[in-house]
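Single-letter residue listing:
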Amino acid sequence: MLVNKRCTYCGDKFQAKSVSTKYCSHSCNQKHYKHKEKKARQHLAKTDEITERHPFSERLELIKIKEFLSINDCAILLNVSPSTIKRLISKGDLLSFKILGRVLVSRKDLDALCKKSINKTTVKKVAKKEKEFDEKNYYFMGEISNYYKISQRTVERHLKLKGIKKIKKGRFNYVLKSDIRKLYGAPNIKN
Ligand SMILES: [Zn+2]
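Residues numbered from 1 in each chain as written. Predicted model: local features only at pLDDT ≥ 70, side-chain atom pairs only at ≥ 80, totals over all residues.

**A closer look at the sheet that holds strand S5 (residues 102-106)**
Sheet strands pair by backbone hydrogen bonding; their relative direction is either parallel or antiparallel.
Right, so step 1: With respect to topology, three strands assemble into an open sheet ordered S3-S5-S4, the strand pairing being antiparallel. In the strand order of this sheet, the two ends are held by strand S3 (68-69) and strand S4 (97-99), each with one partner.
Right, so step 2: Here S3 pairs with S5 via two bridges, running antiparallel. Pairing of Leu 69 across the sheet is with Val 105, part of S5. (Pairing = 2+ DSSP bridges. Helix = DSSP H or I, 4+ residues; strand = E, 2+ residues; numbered from the N terminus.)

Dropping the structure here:
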């Protein structure tokens with residue numbers, strides 16, 4: 001059954017095969033699509049223009065409530081340069097998508113990246129702290145043997161027995177002073 005309709009683009013009457021057909025031809029469909037795309041692009045450009053004419057504080061407020069951000073928006077939010085944002089995108093660290101030729105980032109993805117980076121940095125710092133070696137807190141094996149008048153071999157045996165950890169730094173094996181004091185008491189030196 002054919003339905004009498006009017007083309008949404010050119011306004012001509014035509015007979016459509018279904019009620020949902022909007023255009024008399026593929027060409028009208030295409031032209032309307034292009035027109036809508038152009039309109040949308042102009043609208044985006046306009047919004048940007050308005051944003052740029054606003055005082056920075058107001059622009060920031062606008063950016064904060066946006067769901068989708070431009071590269072410049074992201075840069076402002078993270079207080080970094082737009083090229084940093086572009087690098088994050090090209091490395092695949094920050095998800096982005098293109099709409100009408102413009103690169104956009106969803107606020108959710110930007111927040112997720114920040115959260116991930118903060119966690120990573122914290123973990124790194126903690127790991128570093130654990131690994132930090134301060135010689136002040138350690139005796140090296142020769143010292144222990146000297147201070148307590150015990151042969152290094154015996155010290156080694158005691159450490160093994162008590163499950164006390166040695167740390168190798170350069171040519172020396174170090175043991176925590178607190179561990180040795182627990183084992184042998186205070187050494188016979190001023191320390
Ligand atoms: Zn038409």
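**Concerning the pairing of strand S1 (residues 3-6)**
Right, so step 1: Where S1 meets strand S2 (residues 13-16), four bridges bridge the pair, whose relative direction is antiparallel. Bridging across to S2, Val 3 finds its partner in Ala 16.
Right, so step 2: Linking two consecutive strands that pair antiparallel, namely S1 and S2, is a turn of six residues; a positive phi of about 85° is found at Gly 11 within it.

**A closer look at the nonpolar core**
Right, so step 1: Membership of the largest hydrophobic core is limited to eight residues, which are Leu 69, Ile 71, Cys 74, Ile 85, Leu 88, Leu 94, Val 105 and Leu 110.
Right, so step 2: Those elements giving two or more residues to this core turn out to be helix H3 (71-78) and helix H4 (82-90).
Right, so step 3: Counting seven residues, the second-largest nonpolar core is a separate cluster that includes Tyr 138, Tyr 139, Tyr 174 and Ile 180. (Core = buried A, V, L, I, M, F, W, Y, C linked by C-beta atoms within 7 Å. Buried ≥ 20, exposed ≤ 12 C-beta atoms within 10 Å, placed from the backbone.)

**With respect to the confidence of the model for the protein**
Right, so step 1: Looking at the protein as a whole, the pLDDT averages 86, with 94% of positions reaching at least 70.
Right, so step 2: Across the protein, the secondary-structure element scoring lowest on mean pLDDT is helix H5 (residues 107-131), at 81, and the one scoring highest is H4, at 95. (pLDDT = per-residue confidence, 0-100.)

**Let's talk about the sheet that holds strand S7 (residues 167-169)**
Right, so step 1: Pairing is antiparallel in the open sheet, where three strands are placed in the order S6-S8-S7. The sheet is open, and its two edges are formed by strand S6 (138-140) and S7, each paired on a single side. Strand-to-strand, the axes of this sheet are offset by a mean angle of 40°, without reference to chain direction.
Right, so step 2: Sheet topology places S6 next to strand S8 (residues 172-176); three bridges connect them, and they run antiparallel. Bridge assignment links Tyr 138 to a residue of S8, and that residue is Leu 176.
Right, so step 3: Against the sheet, helix H8 (residues 177-184) engages S6 and S8, with an angle of about 70° to S8. (Axes fitted to C-alpha atoms, helices over the stretch in contact; angles between N-to-C directions. Contact = placed C-beta atoms within 7 Å.)

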